[in-house]
Amino acid sequence: MTVEDRKILDLKESKNNLETLCYSYRENLSEYGNWEKYIEASVRTAMLKNVAETVEWLYAEGENSTYEEYTKRIQAFKATGEPAKKRYIFYTSIDDCFKRFEELVTRSDVSVASIDYLTDDQKTIVKGKLGLGHEMINALKKEIETKPKHEDPSTTIEAVDKKIDLLAAELKAIFSTPPPKVEVPEEEEKKEEPAAETE
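Numbers given for residues are sequential positions, taken from 1 along each chain in its written order. Local features in a predicted model are, by the rule used here, given only for residues with pLDDT of at least 70; side-chain atom pairs are given and counted only at 80 or more, and totals for whole chains, interfaces and linings are based on all residues. No hydrogens and no water enter the side-chain calculation; it runs on all heavy atoms of the structure.

1. Quick word on helix H2 (residues 41–58)
A helix here means a DSSP run of H or I that spans at least four residues, while a strand means a run of E at least two residues long, and both kinds are numbered starting from the N terminus. Each residue after the first adds 1.5 Å to the expected span of a helix. In a regular helix each residue adds 1.5 Å, so 18 residues correspond to 26 Å; H2 covers 26 Å between its end C-alpha atoms and thus fits that length. Exposed residues in this analysis have more than 50% of their type's maximum accessible area, buried residues have under 20%, and partly exposed residues fall in between, with area computed by a 1.4 Å probe over protein chains only. For H2, every residue scored as buried is listed here: Arg44, Met47, Val51, Thr54, Val55, Trp57 and Leu58. Buried positions in H2, seen along its axis, are confined to an arc of 155° and lie on one side of it. In H2, the exposed positions that point more than 90 degrees away from the buried face belong to Ala41, Thr45, Lys49 and Glu56. Any two residues whose heavy atoms approach within 4.5 Å at even a single point are treated as in contact. Where the residues of H2 are buried, they touch helix H1 (3–29) and helix H3 (67–114). Our arc is simply the arc of the directions from the helix axis toward the C-beta atoms.

In structure tokens, the structure reads:
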């Protein structure tokens, strides 16, 4: 493929990407769209207006525009649209993280109750780690209840999942500790008296 052929393909691809982005943003940002609650009202209105104007432009003077112009418009759309998309993903997925944590708590409670050789120190460590987990989850729930949905959360789904994974690994290491070896006292060997010699 020549350099010119590559440029033609890149031009077509960038135009198609901009068109696809316009329709996706129009659908998701419209009234009752998936992202409607996750973007400020005034920004949403301006964004939808920009989308409509860009669609008209694509089928008019933008029909034969340049790769640079298509790319510039794509980046401008994403600068506003992608944060709304990320907030939508976060707020609609965070309950799965809460469920994972509660399942971890349940499994840990069962392990503490069923593993009879856990030491008091180990049980205290488990309780402390779960306590920190509860603090994190409760703080996040409070934030979600009070913060407007069009504002970015203080964390991400990936970060929450990573903390839960780390906690699960730490607890597993404790619960996987082998039981202490039971030392069986050695029985003293009975010394047999030598048999009496017969004449």
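2. What about the nonpolar core?
Note on terminology: a nonpolar core comprises buried Ala, Val, Leu, Ile, Met, Phe, Trp, Tyr and Cys residues joined through side-chain atoms within 4.5 Å. Core analysis: the biggest nonpolar cluster contains 23 residues, and Phe90, Ile94, Leu140, Ile144, Leu171 and Phe175 have the highest contact counts within it. The set of elements that each furnish at least two residues to this core consists of H3, helix H4 (120–146) and helix H5 (157–175). Element by element, the count of residues in this core is highest for H3, at eight residues. Those residues in contact with Phe90 that lie beyond four places of it in its chain are Leu140, Ile144, Pro153, Thr155, Thr156 and Ile157. Core analysis: the second largest hydrophobic core is formed by 16 residues, Cys22, Tyr25, Val51 and Leu58 among them.

3. Concerning the environment of Leu132
With respect to the helices and strands, Leu132 occurs in helix H4. Linking Leu132 and Leu167, residues 35 residues apart in sequence, is a C-alpha distance of 9.6 Å.

4. What to know about the pattern of salt bridges
Salt bridges are counted wherever a side-chain nitrogen of Lys or Arg sits within 4 Å of a carboxyl oxygen of Asp or Glu. This model, assessed by the stated rule, comprises 10 salt bridges. Across the pair Lys129 and Glu170 runs a salt bridge, and its minimum N-O distance is 3.2 Å. Of this pair, Lys129 sits in helix H4 while Glu170 sits in helix H5, placing them 41 residues apart in sequence. Each member of the salt-bridge network shares a partner with another, and the members are Glu69, Lys72 and Arg73.

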